[in-house]
Amino acid sequence: MSTQDSGFGGIPTSAVLETGFDEAGRHASREPHVAEAPALVSTPFERPLPRTIAIANQKGGVGKTTTAVNLGACLAELGYRVLVVDLDPQGNASTGLGINIRDLQSSMYDVILNDLPLEDCVEGTAVRNLFVAPAALDLAGAEIELVPAFSREMRLRRALDAVRNDYDYMLIDCPPSLGLLTVNGLAAASEVIVPIQCEYYALEGLGQLLRNVQLVQRNLNPGLELSAMVLVMYDARTKLADQVVREVRDHFGEKVCHSIVPRTVRLSEAPSFGQPIITFDPTSRGSIAYRNLATEVSGGAARRTG
Ligand code: ADP
Ligand code: MG
């Protein structure tokens, strides 16, 4: 790979590649396969259960929450026991799963700042096997209140350790920043999944995220692995989307999930009804895409729950 590559959004590809995450066997670009079902066999994304996956990208509006909620719902539909941990003070994952965050007795703020046992704030959802540890605006204060706190980067990890065996998947919806909350998310996870918008500037800032992942690996969580990139908001009508898909696949090879999530209005409408796409519109393209993604990420690993 030439260091002269210009990459996307003026970001030299070398800035991304420097981080050393491109070593996995690369393969020629594949055509996008929106809504095409992957086979139910083991995939490069399969890992032993239980899995704790941080959904991270420091940019806002790139599909982190949509992916946490809908990948979580689809994994639950496959029979896995799933906890979505809302680590964003916006509380979008919580409201998107039907929680009224104004009425919360306790939330992730209390877990991270006041050592509340995580199980005490977990709420059920309309989807069987799917649970959420909700967040509300007070979590914004945690970013500052954590600064002088003892073991400030490991608060979430400790909280999750106590419940790790209660769930097959814990998906951590990180906030759009690289601050202490995201560091807590990365320190608590065994894997990172990065959603990437099929748009211009898609790769901008990614180098920074990947460097942070490495910093957390080196200093806090040696077991952390960047396991997958998920292409989202794919618009088949634009040539640019295909160009981004090719570029991301060229850079990240087998780290890129085969399943691609299309841009659809239904996916953006579902959260305002407090539902994941599979209950809001079960046969929509968004449902099919996130079901495929769940199958691919899980690789058909043996379920612990029925
Ligand atoms: P983030 O958590 O990274 O800030 P979100 O998941 O909240 O991003 O997505 C940002 C906005 O884009 C939301 O309004 C969401 O409903 C919408 N959105 C996300 N994914 C899609 C998609 N595939 N198609 C259409 N709209 C989407
Ligand atoms: Mg979000």
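Just so it is clear, the structure is predicted and the values come from calculations on it, not from any experiment.

Rules used throughout
- Residues numbered from 1 in each chain as written.
- Chains lettered and ligands numbered in written order.
- Predicted model: local features only at pLDDT ≥ 70, side-chain atom pairs only at ≥ 80, totals over all residues.
- Heavy atoms only, no water.
- Salt bridge = Lys/Arg side-chain N within 4 Å of Asp/Glu carboxyl O.
- Helix = DSSP H or I, 4+ residues; strand = E, 2+ residues; numbered from the N terminus.
- Buried < 20%, exposed > 50% of the residue type's maximum accessible area, 1.4 Å probe, protein only.
- Contact = heavy atoms within 4.5 Å.
- Near = heavy atom within 4 Å.
- Polar contact = N/O pair within 3.5 Å; in protein donor to acceptor, adjacent residues only side chain to side chain.
- Areas by Shrake-Rupley, 256 points an atom, 1.4 Å probe, with all protein chains shown as cover.
- Pairing = 2+ DSSP bridges.
- Axes fitted to C-alpha atoms, helices over the stretch in contact; angles between N-to-C directions.
- Expected span 1.5 Å × (residues − 1).

## A look at the pattern of salt bridges
And then number 1: Considering all chains together, one arrives at ten salt bridges under this definition.
And then number 2: The salt bridge partner of Glu77 is Arg291, with a shortest N-O separation of 2.7 Å. Here Glu77, found in helix α2 (residues 64–77), pairs with Arg291, found in helix α12 (residues 285–298); they are 214 residues apart in sequence, far enough to count as distant.
And then number 3: Assessed through its relative accessible area of 26%, Arg291 is described here as partly exposed.
And then number 4: Between Asp235 and Arg237 there is a salt bridge, with its nearest N and O atoms 3.0 Å apart.
And then number 5: Residues joined in a network through salt bridges with shared partners are Arg266, Glu269 and Asp281.

## Some thoughts on the side chain of Asn57
And then number 1: Checked against the element boundaries, Asn57 lands in the loop between β2 (51–55) and α2.
And then number 2: Of the residues examined, Asn57 reaches a relative accessible area of 3% and is grouped as buried.
And then number 3: Apart from the residues within four sequence positions on either side, Asn57 is in contact with Val62, Lys64, Pro175, Pro176, Val194, Pro195, Leu206 and Leu209.

## Some words on the site of ligand 1
And then number 1: Neighbouring ligand 1 are 14 residues, the closest being Gly61, Lys64, Thr65, Thr66 and Pro262.
And then number 2: Side-chain polar atom of Thr66 to an oxygen atom of ligand 1: 2.6 Å apart, as the coordinates give it.
And then number 3: Pro262 places a polar main-chain atom, nitrogen or oxygen, 2.8 Å from a nitrogen atom of ligand 1.
And then number 4: Notes on ligand 1: free accessible area 560 Å², of which the protein chains cover 79%.
And then number 5: Elements that contribute at least two residues to the shell around ligand 1 include exactly α2 and α10 (265–269).
And then number 6: Ranked by residues supplied to the shell around ligand 1, first place goes to α2 with three residues.

## A word on the sheet that holds strand β8 (residues 225–232)
The strands making up a sheet associate through backbone hydrogen bonding, with each pair oriented either parallel or antiparallel.
And then number 1: Ordered by their spatial adjacency, seven strands build an open sheet running β4-β5-β3-β6-β2-β7-β8, and the pairing between neighbours is mixed. Each edge of the sheet is formed by a strand with only one pairing partner; in this case those strands are β4 (123–124) and β8.
And then number 2: In terms of strand pairing, β4 meets strand β5 (residues 130–133) through two bridges, oriented antiparallel. Within β5, the residue paired with Gly124 across the bridge is Phe131.
And then number 3: Sheet strands touched by α12: β2, β6 (169–173), β7 (191–197) and β8. Its angle to β2, the strand with the most contacts, is close to 130 degrees.

## Focus: α2
And then number 1: With 14 residues, α2 should reach 20 Å at 1.5 Å per residue; the first-to-last C-alpha distance of 20 Å fits that figure.
And then number 2: Taken across its 14 residues, α2 has twelve buried, putting it largely inside the fold.
And then number 3: Considered for burial, the residues of α2 that qualify are Lys64, Thr65, Thr67, Ala68, Val69, Asn70, Leu71, Gly72, Ala73, Cys74, Leu75 and Ala76.
And then number 4: In the segment just after α2, Gly79 is the residue with positive phi, at about 105 degrees.

## Topic: helix α8 (residues 206–219)
And then number 1: For α8, with 14 residues, the first-to-last C-alpha span of 20 Å sits near the 20 Å given by 1.5 Å per residue.
And then number 2: Here α8 has its buried residues at Leu206, Gly207, Leu209, Leu210, Asn212, Val213, Gln214, Val216 and Gln217.

## Observations concerning the environment of Gln214
And then number 1: Along the polypeptide, Gln214 turns up in helix α8.
And then number 2: Expressed as a C-alpha distance, the spacing of Gln214 and Leu226, which sit twelve residues apart in the sequence, is 9.2 Å.

## Looking at the pairing of β2
And then number 1: Most of β2 is tucked away, with five of its five residues classed as buried.
And then number 2: Where β2 and β6 come together, five bridges link them in parallel fashion. By the bridge assignment, Thr52 is partnered in β6 with Met170.

## Thoughts on the side chain of Thr182
And then number 1: Note on placement: Thr182 falls in helix α7 (residues 180–188).
And then number 2: Assessed through its relative accessible area of 2%, Thr182 is described here as buried.
And then number 3: Once you skip the residues sitting within four places of it in the chain, Thr182 turns out to touch Cys174, Pro175 and Ser177.

## Describing the environment of Asn292
And then number 1: Topologically, Asn292 is positioned in helix α12.
And then number 2: Take Asn292: its relative accessible area is 7%, and that puts it in the buried class.
And then number 3: Along the primary structure Asn292 and His258 are separated by 34 residues, whereas in three dimensions their C-alpha atoms are 9.0 Å apart.

## What to know about unusual backbone geometry
Note: most residues except glycine have negative phi, and most peptide bonds are trans.
And then number 1: Residue Pro50 is bonded to the preceding Leu49 through a cis peptide linkage, with omega at -5 degrees.
And then number 2: When you line up the elements, Pro50 lands in the loop between β1 (33–34) and β2.
And then number 3: In the Ramachandran plot, Tyr201 falls in the positive-phi region, its phi being about 70 degrees despite a non-glycine side chain.
And then number 4: With respect to the helices and strands, the residue Tyr201 is situated in the loop between β7 and α8.
And then number 5: Of note in the backbone geometry, Met233 takes a positive phi value of approximately 55 degrees without being a glycine.
And then number 6: By the element assignment, Met233 lies in the loop between β8 and α9 (239–252).

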